[in-house]
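In case you want the letters, here they are:
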Amino acid sequence: MLPRLGTRAIRSRRGVSSTSTSAYDFIVVGGGAGGAVVASRLSEDKSVKVLLLEAGPGPPDTCQIPSECGALQNGPFDWSYRMRDDHHNSGRSLAGNTFKLPRGKMLGGSTSSNYMAYVRGCPHAYDSWGIEGWDYASLLPLFMKSECMGLLHEDQDASSSTSSSSSSS
């Protein structure tokens, strides 16, 4: 869910209206996954006004089709960055020793063009950091909140759903 934006904040895809008189408590620059989450969490406090700015347009419908995400590269939805491999052999066979580095330039950022891949991560990795509050058990509710698909996650106690279905029969 996108965050609530201030009154008359955006008038067109070209940017913020110069006639807007709204004031904001927070301005989040970058509508990628990180910026959208920050803006969303800030806007949970109904007493503050949050503006989320994104340089690119809204994502096209092709973002919904994983096999089509490659078509978003080197166009209006991509920053079209290139990366030079000066210290390793992996780029030597490429023209100019450079790689394409696709980075999403749209609402959702690179998460809108990453072939819909999502990896929560291995619980052991988080636990091995040894940082209070960053262990897997502490982060799991936040993972589930960000996933918000409304599905029963394997990490949840499935016994509550089976007991309610068996008691209704």
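A brief look at the structure comes next. All of these numbers come straight from a predicted model, not from anything done at the bench.

## A closer look at the nonpolar core
Then, number 1: In terms of nonpolar packing, the biggest core is built from six residues, these being Y126, Y136, L139, L140, F143 and M144.
Then, number 2: Tallying contributions element by element places helix α3 (residues 136-147) first for this core, with five residues.

## What about α3?
Then, number 1: Compared with the 16 Å implied by 1.5 Å per residue over twelve residues, the 15 Å span of α3 between its first and last C-alpha is a close match.
Then, number 2: Along α3, the positions that sit buried rather than exposed are Y136, L139, L140, F143, M144 and E147. End-on, the buried residues of α3 take up no more than an arc of 145°, which puts them together on one face.
Then, number 3: For α3, the elements touching its buried residues are α2 (123-128).
Then, number 4: Of the residues trailing α3, C148 is marked for its positive phi of about 25°.

## Regarding the state of the cysteines
Linking two cysteines covalently via their sulfur atoms produces the bond known as a disulfide.
Then, number 1: Taken as a whole and judged by the stated rule, the model has zero disulfides.
Then, number 2: No disulfide involves C69; its sulfur sits 5.7 Å from the nearest other cysteine sulfur, which is in C63.
Then, number 3: Given the relative accessible area of 1%, C69 is considered buried.

Parameters and conventions
- All residue numbers refer to position in the chain's written sequence, counted from 1.
- Local features are withheld for residues below a pLDDT of 70 in this predicted model, meaning they are given only at 70 or higher, and side-chain atom pairs are given and counted only at 80 or more; totals for whole chains, interfaces and linings count all residues.
- Side-chain descriptors were evaluated using all non-hydrogen atoms of the structure, hydrogens and water having been removed beforehand.
- For the purposes of this section, nonpolar cores are sets of buried Ala, Val, Leu, Ile, Met, Phe, Trp, Tyr and Cys residues that join through side-chain atoms within 4.5 Å.
- Any residue under 20% of the maximum accessible area for its type is buried, any over 50% is exposed, and the rest in between are partly exposed; the area is computed with a 1.4 Å probe on protein chains only.
- Each helix corresponds to a stretch of at least 4 residues labelled H or I by DSSP, and each strand to a stretch of at least 2 residues labelled E; elements are numbered beginning at the N terminus.
- By definition here, a helix of n residues has an expected span of 1.5 Å times n minus one.
- It is the directions from the helix axis to the C-beta atoms whose arc is reported.
- In this analysis, two residues are considered to be in contact whenever any of their non-hydrogen atoms come within 4.5 Å of each other.
- Pairs of cysteine sulfur atoms within 2.5 Å are what we label disulfides.

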